[in-house]
Amino acid sequence: TVVLGWDWLWRNILWNCRAGKYGLNPAVVRAVTSSSLYLCRKSLEGIQMASRKLVLVVDDEEDIRFVVEMLLKRHGYDVETAEDGLQALEKVKQKHYDLIILDILMPKMDGYEVAKNLGEMGITTPIIMLTAKADDKSMWEGYRHGATLYVPKPFENKYLLNAVNYLIGDLTEQERREIERRL
């Protein structure tokens, strides 16, 4: 990639300086080129981090938060967690999330209320309801309050990951159609 290109360029400049080309002092070239290479690498790290999608996982069960967080991180997503609806709303006020994965049954504020509040705040972030309430009435209530997709617990990692990728993943049109078929 670009960093390898800079390494190659740096080595060639130093080699040519040692060979007497350019009329430059190799020590000066090494110092200037090394600092430029360091800044280039730091800039590229910033670009790579900026392109990652940020997901907020909201669930009162610590084990569920951990499993979902590890699953998404393993597949290239940045993840933050909240243990209840109030904490989730505070986080959303402070930062933009590309996706929110939201349980319904939580203390302090349930997932329906969180989704409703997000809508009232004008936040249009996609929401996946990840919950044990999988009956038709609960699903309808979730969609009515702003859920984009509904994933019942217990869930298969592959199914949840497909839902996340479908909503915010960098997919080709063919991959998106294949996931639609499976969801």
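For the structure itself, look to the data block above.
This one's a predicted model, so the numbers in the text were calculated from it and none came from an experiment.

## Observations concerning the side chain of Arg-65
Then, in step 1: Tracing the backbone shows Arg-65 in helix α3 (residues 62-74).
Then, in step 2: Despite its burial, Arg-65 pairs with no opposite charge; the closest candidate is Glu-83, at 4.0 Å N-O.
Then, in step 3: Among the polar contacts listed, one links the side chain of Arg-65 to the backbone oxygen of Asp-59, at a separation of 2.6 Å.
Then, in step 4: Beyond its immediate chain neighbours, meaning those up to four positions away, Arg-65 contacts Val-57, Asp-59, Asp-60, Thr-81, Ala-82 and Glu-83.

## Section: helix α4 (residues 85-94)
Then, in step 1: Residues of α4 that are buried include every one of Gly-85, Ala-88, Leu-89 and Val-92, and no others. Projection of α4 onto a plane perpendicular to its axis shows the buried side chains occupying an angular sector of 100°, all on one side. Exposed side chains of α4 directed beyond 90 degrees from the buried face belong to Lys-93 and Gln-94.
Then, in step 2: Buried residues in α4 make contact with β1 (54-58), β2 (78-82), β3 (99-102) and α5 (111-120).

## Structural notes on the packing of aromatic side chains
Then, in step 1: Per the counting criterion, the structure on display carries one aromatic pair.
Then, in step 2: Aromatic pair Tyr-143 and Tyr-150: ring centres 6.1 Å apart, planes at 55°, arrangement tilted.
Then, in step 3: In this structure Tyr-150 comes out as buried when scored by relative accessible area, which is 5%.

## Some points on helix α7 (residues 157-168)
Then, in step 1: Between its first and last C-alpha atoms α7 spans 16 Å; for 12 residues at 1.5 Å apiece the expected length is 16 Å, and the two agree.
Then, in step 2: Among the residues making up α7, those that are buried are Leu-160, Leu-161, Asn-162, Ala-163, Val-164, Asn-165 and Ile-168.

## A few points about the pairing of β3
Then, in step 1: Here β3 shows two buried faces, one formed by Leu-99 and Ile-101 and the other by Ile-100 and Leu-102.
Then, in step 2: By the bridge criterion, four bridges tie β1 to β3 in an arrangement that is parallel. Considered in β3, the bridge of Leu-56 is made with Ile-100.
Then, in step 3: Bridging between β3 and strand β4 (residues 127-131) involves three bridges; their strand directions are parallel. Bridge pairing in β4 places Ile-100 opposite Ile-127.
Then, in step 4: Running through α5, the crossover from β3 to the neighbouring parallel element β4 is right-handed.

## Re a nonpolar patch on the surface
Then, in step 1: Side chains of Phe-66, Val-67 and Met-70 sit close together on the surface and give an oily, nonpolar patch of about 260 Å² of accessible area.
Then, in step 2: Mapped onto the elements, Met-70 comes out in helix α3.

## Comments concerning the pattern of salt bridges
Then, in step 1: Counted under the stated rule, the structure contains nine salt bridges.
Then, in step 2: Between Asp-78 and Arg-52 there is a salt bridge whose closest N-O contact spans 2.9 Å. Of this pair, Asp-78 sits in strand β2 while Arg-52 sits in the loop between α2 (26-50) and β1, and the two are 26 residues apart along the sequence.
Then, in step 3: When the shortest N-O distance is used, the salt bridge between Asp-84 and Lys-108 registers 3.6 Å. In this pair, Asp-84 sits in the loop between β2 and α4 while Lys-108 sits in the loop between β3 and α5, placing the two residues 24 residues apart along the sequence.

Calculation criteria
- Residues numbered from 1 in each chain as written.
- Predicted model: local features only at pLDDT ≥ 70, side-chain atom pairs only at ≥ 80, totals over all residues.
- Heavy atoms only, no water.
- Helix = DSSP H or I, 4+ residues; strand = E, 2+ residues; numbered from the N terminus.
- Buried < 20%, exposed > 50% of the residue type's maximum accessible area, 1.4 Å probe, protein only.
- Lys, Arg positive; Asp, Glu negative; His and termini not counted.
- Salt bridge = Lys/Arg side-chain N within 4 Å of Asp/Glu carboxyl O.
- Polar contact = N/O pair within 3.5 Å; in protein donor to acceptor, adjacent residues only side chain to side chain.
- Contact = heavy atoms within 4.5 Å.
- Arc of directions from axis to C-beta.
- Phe/Tyr/Trp six-rings, centres within 6.5 Å; stacked < 30°, edge-to-face > 60°.
- Expected span 1.5 Å × (residues − 1).
- Pairing = 2+ DSSP bridges.
- Right-handed = clockwise from strand over helix to strand, strands pointing away.
- Patch = residues over 30% accessible without salt bridge, like charges linked within 9 Å, V, L, I, M, F, W, Y side chains within 5 Å.
- Areas by Shrake-Rupley, 256 points an atom, 1.4 Å probe, with all protein chains shown as cover.

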